[in-house]
Amino acid sequence: MHAGRLKKVGSSEGPFASVYFEDVRNREDSRERFEQEWRSMRSQLSKQEAPASLIEQFDSVKDNHHGISGRAGRAIIVTPDAVLVDDILLEPTTSTIVTVGSLPYLIPLIAHGYDTEPFIIAKVDHTGADLCVRDARGRDVYGESVNGDAVPVHKARVGGPDRYIDTQSLVQENVRKNLTQASTRTVALAREHKVQLVVIIGEVQSRNAFAQHLPPSLRAVEIERGSRAAGSSPTEVAKEIRELIDTERLRRMDAETERFSAGQGRDIELSVDGTARVLDALEQGKVETLLFTDPDDKEVSSDSLFAPADRLLPYLAIRTGAEMVQIDERLTLADGYGAILRHP
């Protein structure tokens, strides 16, 4: 996870409330269950002596994310003065987590939060495209439809063979014009929202033609399921996009594992593990990427801060601009912590 996304957390003063829970929206009794869960979480905040102003900030985001459906996780981090995080998670935590403390609890957000580059979803057909910009937190932040005015766009046999060929050529040219218009707008949106990835949905000919109109500076990924047509299943599209995100996360784990291993066993170490060594590197501002597997929660201190390691180390990573990545069983780290260093 990029530290810049959590910069507001690193510059805020506690106490912090960190809440993670499963938000289910596709059951008959989902609203009732949600209300019950919310009351329980408020009660837990009160039992941990959260000030009234902090609970007010928590309540202020209660009805956010109306657009989600199905089974989703949610992360909320607030202080008495501000809402710092209110994100949908790729996976809910195994159980509800409610903590109040001098530092936020960020591990579930790093492990299960959206950590992709922003991208554009382009649902295309021969008439144009529906475009949606999705940010790094999985939120749809902008959308519009681009419908070209070139018609006809369907081939038809009219008259003799020569007439049919003329009509076919006209249709092909009109489709090209419409998709060129849509791709031009896509490029403009990509520039405006600092996007480099375009996910293309639609029937294969339209997808291919649209992708050919995009410049090399944009990375195009085509999805086979889903279409622009009314009634197409958003569930299938969501599943394909989730698979894309999972693939990118695994690639990131592979890359960071390789970098960590390459930094070990050298005369000049560029990677370290273990709570004490990672903490020392963070305090010196040497950490480029903080890694964790199953992080230890023993109490540690840094300057005037004294907190469990799984609170303090991610917090220092944010303060020093280090990225954070969860690694699975492909890497074994002492105490569950590792660091790739900027310099020895």
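Residues numbered from 1 in each chain as written. Predicted model: local features only at pLDDT ≥ 70, side-chain atom pairs only at ≥ 80, totals over all residues. Heavy atoms only, no water.

Undergrad: Sorry, what's going on with the overall build of the protein chain here?
TA: If you tally the helices and strands in the protein chain, you get nine helices and 15 strands. Looking at the protein chain as a whole, 47% of its 344 residues are labelled buried. In the protein chain, the share of contacts with a sequence separation of at least 24, taken over all contacts with a separation of at least 6, comes to 66%. Approximately 17,100 Å² of the protein chain is accessible, and the part contributed by carbon and sulfur atoms is 47%. (Helix = DSSP H or I, 4+ residues; strand = E, 2+ residues; numbered from the N terminus. Buried < 20%, exposed > 50% of the residue type's maximum accessible area, 1.4 Å probe, protein only. Contact = heavy atoms within 4.5 Å. Areas by Shrake-Rupley, 256 points an atom, 1.4 Å probe, with all protein chains shown as cover.)

Undergrad: Sorry if this is basic, but what is going on with the pattern of salt bridges here?
TA: Applying the stated criterion across every chain yields a total of 21 salt bridges. A salt bridge links Glu35 to Lys62; the nearest nitrogen and oxygen atoms lie 2.7 Å apart. Here Glu35, found in helix α2 (residues 30-47), pairs with Lys62, found in the loop between α3 (52-59) and β2 (71-78); they are 27 residues apart in sequence, far enough to count as distant. In this structure, Glu248 engages Arg219 in a salt bridge whose closest nitrogen and oxygen atoms are separated by 3.9 Å. Of this pair, Glu248 sits in helix α7 (residues 234-262) while Arg219 is found in strand β9 (residues 219-223), placing the two residues 29 residues apart along the sequence. Among the residues examined, Glu248 registers a relative accessible area of 26% and is labelled partly exposed. You can call Arg219 partly exposed: its relative accessible area is 34%. Each of the salt bridges in this network shares a partner with another, and the network as a whole consists of Arg252, Glu256, Arg259, Glu288 and Glu323. (Salt bridge = Lys/Arg side-chain N within 4 Å of Asp/Glu carboxyl O.)

Undergrad: Help me out: how do you make sense of the packing of aromatic side chains in this one?
TA: Aromatic rings considered in pairs are described by the distance between their centres and by the relative angle of their planes. Counted by the stated rule, this structure contains six aromatic pairs. Ring plane angle 70 degrees and centroid distance 6.4 Å describe the contact between Phe16 and Tyr315, whose orientation is recorded as edge-to-face. With a gap of 299 residues between them, Phe16 in strand β1 (residues 16-24) and Tyr315 in helix α9 (residues 309-319) connect regions that are remote in the sequence. Of the two residues, Phe16 and Tyr315, neither departs from the other in class, the shared state being buried. Between Phe21 and Phe34, the ring centres sit 6.5 Å apart and the planes meet at 45 degrees, which makes this aromatic pair tilted. With Phe21 in strand β1 and Phe34 in helix α2, this residue pair connects regions lying 13 residues apart in the sequence. Taken individually, Phe21 and Phe34 each receive the classification buried, so the pair is uniform in this respect. Positioned over the ring face of Tyr105 is Arg311, at 4.3 Å from the centre of the ring. (Phe/Tyr/Trp six-rings, centres within 6.5 Å; stacked < 30°, edge-to-face > 60°. Lys NZ or Arg CZ within 6 Å of the ring centre and 35° of its normal.)

Undergrad: What's the story with the sheet that holds strand β10 (residues 271-273) in this structure? I'm lost.
TA: The strands making up a sheet are joined through hydrogen bonds of the backbone, oriented either antiparallel or parallel. Read from one edge to the other, the open sheet built from four strands follows the order β10-β15-β11-β14, with strand pairing classed as mixed. Where the open sheet ends on each side, the last strands, each with one partner, are β10 and β14 (323-326). Along the sheet, successive strands turn relative to each other by an average axial angle of 20 degrees, direction set aside. Across the sheet, helix α8 (residues 275-283) touches β10, β11 (287-292) and β15 (337-341), and the angle it forms with β15 is around 40 degrees. (Pairing = 2+ DSSP bridges. Axes fitted to C-alpha atoms, helices over the stretch in contact; angles between N-to-C directions.)

Undergrad: I tried to follow the nonpolar core on my own but got confused; where do I start?
TA: Inside soluble globular proteins, nonpolar side chains tend to come together where they are buried. Judged by nonpolar contacts, the single largest core of 40 residues is most densely connected at Leu6, Ile77, Val85, Leu109, Val278, Val287 and Leu313. Looking at this core, the elements that each hand over two or more residues are β1, β2, β3 (83-89), α4 (107-112), α8, β11, α9 and β15. For this core, the element with the highest residue contribution is α9, accounting for seven residues. For Leu109, the contacting residues outside a window of four places in its chain are Met1, Leu6, Tyr20, Ala75, Ile77, Val85, Asp87 and Leu89. Grouped together as the second largest cluster of nonpolar side chains are 18 residues, Ala182, Ile200, Phe210 and Leu218 included. (Core = buried A, V, L, I, M, F, W, Y, C linked by side-chain atoms within 4.5 Å.)

Undergrad: Where do I start with α9 in this structure?
TA: Since there are 3.6 residues in each turn of an α-helix, residues three or four apart along the chain are aligned in direction. Among the eleven residues that make up α9, ten are buried, leaving the element largely enclosed by the rest of the structure. Restricting attention to buried positions, one finds in α9 the residues Ala309, Asp310, Arg311, Leu312, Leu313, Pro314, Tyr315, Leu316, Ala317 and Ile318. One or two residues past the end of α9 sits Gly321, with phi positive at roughly 75 degrees.

Undergrad: Help me understand the environment of Leu218, please; the structure alone is not making it clear to me.
TA: The topology assignment puts Leu218 in the loop between α6 (204-212) and β9. Residues Leu218 and Thr186, spaced 32 residues apart in sequence, show a C-alpha to C-alpha distance of 9.9 Å. Excluding residues within four positions of it along the chain, Leu218 makes contact with Val187, Ala190, Val195, Gln196 and Val198.

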